[in-house]
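Listed below, chain by chain, are the residues.
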Amino acid sequence: MNNSREVVKLSILGSTGSIGIQTLQVIEQSRGKFEVLYLTTNRNIDLLYQQVQKFAPKGVVIRDYDMFKEFKKKYNANIKVFSGEDALDEVAASSENDLVVSAIVGFSGVKPTISALASGKNVALANKESIVVAGEIITEITRKYNSKIISIDSEHNAILQCLVGENLDTVEEVILTASGGPFLNTDPKNFEHIQIQEALAHPRWSMGKKISIDSATLMNKGLEVIEAHWLFNLETDKIKVLIHPESIIHSMVQFIDGSIKAQLGPPDMRIPISFALNYPNRFKYDFPRINLAKIEKLSFFEPNHNKFPCLRLAYDALAVGGSAPIVLNASNEIAVNAFLGGKITFDKIPACIEFALNKINNKAKPSLEEIYYIDKLTREITESFINNLN
Ligand code: NAD
Ligand code: MG
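Read on for an overview of the structure. Computed from a prediction, not measured in an experiment: that's the story for all the values here.

Attention now goes to the overall build of the protein chain. What the protein chain contains, in helices and strands, is 15 helices and eleven strands. Its C-alpha atoms give the protein chain a radius of gyration of 20 Å, within 12% of the compact-globule value 21 Å for 390 residues. The C-alpha extent of the protein chain, read off along each of the three principal axes, is 55 × 50 × 40 Å. The burial tally for the protein chain puts 57% of its 390 residues in the buried class. Taking the intrachain contacts of the protein chain between residues at least 6 apart in sequence as the baseline, contacts between residues at least 24 apart amount to 70%. Carbon and sulfur atoms make up 48% of the accessible area of the protein chain, which amounts to about 17,300 Å² in all. Charge centroids of the protein chain, computed over 42 positive and 45 negative side chains, lie 5 Å from each other.

Listed below in structure tokens is the structure:
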């Protein structure tokens, strides 16, 4: 951050996940620029303890109560150890933070992300689900408390980089690139037989399980379309998606004069993370560089909405607005968990989401309480749809 103090104090919500771990790698290579205040996990206490030993935070939050008790029994960490949702919120809202990294997966990231932004602090945001379900409320909060979201998501991070020195009014459209996931060239007739391990094996990125499945269905890109709408105040028709299997261009912005700016780099999340942590400045890191001469070609083509209905469902949910993105997100989380638990086949994921979207009445401008209610209702309805499938 552009902070007058030399050392930036930060907390990482979800430090034991893929983004959390890579954020700590960036911090390790930042030569004392950052000080870690709080780290949090849901259940991964062993990794959390290793992180405590290495980064000496002031305290940790272990969301799961059983694992919190286990941690206390197993480790003699000389720091504050908290448990539960409220503790997560308190850490997120702590006045000691200069910056909060929001890297919890799914709807569970909504409340702490909002708490951090409402404390007037900037948030380096990986948890895209929070802006998908509460985009309007979050936008109002950032205005009211003068806080800023700097997206870690590589596409939005790329767009932010392209927009440096530009006026938002001169943006004609943004082009989100997508690798296409592991089933880009798979015949959809075979989607029914996809194994969990095949769906988790992303061709370009190594990520947490939920986002890996979202990338395989293209729901990840759908969530990112909604994320782009809120982050850059863009209408749906100004947000395009292009399949770009090489994953070298992380996204592009086309301006009103026909000029296109793109951000390129190796597919390594530490690069967008470091940009978000140091924003609006840059800092030297020795992450891998791309050798453009060794890349034979960069290819682009339109996504196939019939083959990947999740992307279309997300565009539709954004166009409908109101509570539709909440239903989209919650039914997707349930469907992805059901697939990972062996309860449904890969091809049934979009069917679960479509069912929930058709079943639940839309609510314009939902409040935070209503967001919670709609999320819970959608989970119940999707679970019962899944139970009836079997
Ligand atoms: P992950 O599953 O690897 O890690 C999730 C983290 O959240 C872990 O620390 C876990 O302990 C914690 N967590 C899980 N459930 C929780 C709960 N109920 N309460 C509190 N904490 C909980 O996930 P990830 O791949 O690091 O993704 C995190 C977020 O970043 C997601 O929203 C994802 O869409 C986004 N993102 C990830 C990548 C990537 O490369 N992994 C890229 C762009 C965006
Ligand atoms: Mg992304």
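With that out of the way, let us pick up the side chain of threonine 40. Counting through the fold element by element, threonine 40 comes out in strand β2 (residues 34–41). With near-sequence residues (within four places) excluded, threonine 40 lies in contact with Ile12, Leu13, Gly14, Ser15, Thr16, Leu48, Val61, Leu88 and Val91.

A word on the state of the cysteines. Note on terminology: a disulfide is the covalent bond linking the sulfur atoms of two cysteines. Under the criterion given, the structure shown has zero disulfides. With no disulfide of its own, cysteine 352 lies 9.4 Å from the sulfur of cysteine 310, the closest cysteine sulfur. Taking relative accessible area as the criterion, cysteine 352 reaches 0% and is therefore assigned buried.

Here we come to the side chain of aspartate 375. Position of aspartate 375 relative to the elements: it lies in helix α15 (residues 368–389). Among the polar contacts made by the side chain of aspartate 375, one reaches the side chain of arginine 379 at a distance of 2.8 Å.

With respect to spatial proximity, 22 residues lie near ligand 1, and among them Thr16, Ser18, Asn42, Glu129 and Gly208 are the closest. At a separation of 2.9 Å, an oxygen atom of ligand 1 approaches a polar backbone atom of isoleucine 19. In the environment of ligand 1, an oxygen atom lies 3.2 Å from a nitrogen or oxygen atom belonging to the side chain of threonine 41. Considering ligand 1 on its own, with 830 Å² of exposed area, one finds that the protein chains cover 88% of that surface. Mapped onto the shell around ligand 1, the elements with two or more residues apiece are α1 (18–28) and α6 (128–145).

About the criteria used
Residues numbered from 1 in each chain as written. Chains lettered and ligands numbered in written order. Predicted model: local features only at pLDDT ≥ 70, side-chain atom pairs only at ≥ 80, totals over all residues. Heavy atoms only, no water. Helix = DSSP H or I, 4+ residues; strand = E, 2+ residues; numbered from the N terminus. Rg over C-alpha atoms; globule rule 2.2 N^0.38 Å. Buried < 20%, exposed > 50% of the residue type's maximum accessible area, 1.4 Å probe, protein only. Contact = heavy atoms within 4.5 Å. Areas by Shrake-Rupley, 256 points an atom, 1.4 Å probe, with all protein chains shown as cover. Lys, Arg positive; Asp, Glu negative; His and termini not counted. Charge placed at Lys NZ, Arg CZ, Asp CG, Glu CD. Disulfide = S-S within 2.5 Å. Polar contact = N/O pair within 3.5 Å; in protein donor to acceptor, adjacent residues only side chain to side chain. Near = heavy atom within 4 Å.

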